[in-house]
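Chains, contacts and geometry: an overview
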Amino acid sequence: MVRPSDTPFLPSLTQRNQLDKLVGLAMLIIATTVFLYYTTWTLLMPFVDSDHPLHAYFPPRVWAIRIPVILILIGSAVVGSFLSVVMIRSNRKKAAKAKAVEKGKKKS
């Protein structure tokens, strides 16, 4: 049996834990940044004068609705496609198993 500490190519358990923590921290920072940007854009910018230079850092307000709707549609399509593929494969396996059982009964 090959242990991760025996091979130079596989990281040790503590290295993997540190990498997992770094990836988690990066994801947390990205999610927080996106949340703060979107919240500022949708909740605070309507109260700022339209000729203020701060508006240059944000897209038009119409996209505040379009972007989440597009992301929800894409996410729903991905989840629906995944579930469809899983159900089709499961049905094929059940059909193959039933066919094998049927052949076994005919031979007896």
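Residues numbered from 1 in each chain as written. Predicted model: local features only at pLDDT ≥ 70, side-chain atom pairs only at ≥ 80, totals over all residues. Heavy atoms only, no water.

1. Brief notes about the overall build of the chain
In terms of helices and strands, the chain carries two helices and zero strands. Counting the 108 residues in the chain, one finds 4% classified as buried. Accessible surface, the chain: about 9900 Å² in total, of which carbon and sulfur atoms supply 70%. (Helix = DSSP H or I, 4+ residues; strand = E, 2+ residues; numbered from the N terminus. Buried < 20%, exposed > 50% of the residue type's maximum accessible area, 1.4 Å probe, protein only. Areas by Shrake-Rupley, 256 points an atom, 1.4 Å probe, with all protein chains shown as cover.)

2. Things to note about the UniProt feature "transmembrane region" (unreviewed entry) in the chain
The positions UniProt marks with the feature "transmembrane region" (unreviewed entry) are residues 22-43 and 63-88. Segment residues 22-43 splits into 100% helix and 0% strand. End C-alpha atoms: 31 Å apart. End C-alpha atoms of residues 63-88 are separated by 37 Å, and the span's content is 100% helix alongside 0% strand. (UniProt positions renumbered as here; feature names shortened; annotations may be inferred.)

3. Considering the packing of aromatic side chains
With the rule as written, the count across this model stands at three aromatic pairs. Relative to W41, the ring of Y38 lies with its centre 5.8 Å away and its plane at 85°, an arrangement referred to as edge-to-face. Placement of both Y38 and W41 in helix α1 (residues 13-44) is noted, with a separation of three residues, approximately one turn of the helix. For Y38, a relative accessible area of 31% puts it in the partly exposed group. According to the relative accessible area criterion, W41 is buried, its value standing at 4%. Through a chain of ring-to-ring contacts, three or more aromatic side chains come together here, namely Y37, Y38, W41 and F58. Sitting over the ring of W63, R66 keeps its end group 5.0 Å from the ring centre. (Phe/Tyr/Trp six-rings, centres within 6.5 Å; stacked < 30°, edge-to-face > 60°. Lys NZ or Arg CZ within 6 Å of the ring centre and 35° of its normal.)

4. Points about the environment of P46
Positionally, P46 belongs in the loop between α1 and α2 (63-107). Ignoring anything within four residues of it in the chain, the contact list for P46 reads W41 and R61. (Contact = heavy atoms within 4.5 Å.)

5. A look at a nonpolar patch on the surface
A cluster of nonpolar side chains, contributed by V62, W63, I67, I70, L71, I74 and V78, occupies part of the molecular surface with about 630 Å² of accessible area. On the secondary structure map, I70 appears in helix α2. (Patch = residues over 30% accessible without salt bridge, like charges linked within 9 Å, V, L, I, M, F, W, Y side chains within 5 Å. Salt bridge = Lys/Arg side-chain N within 4 Å of Asp/Glu carboxyl O.)

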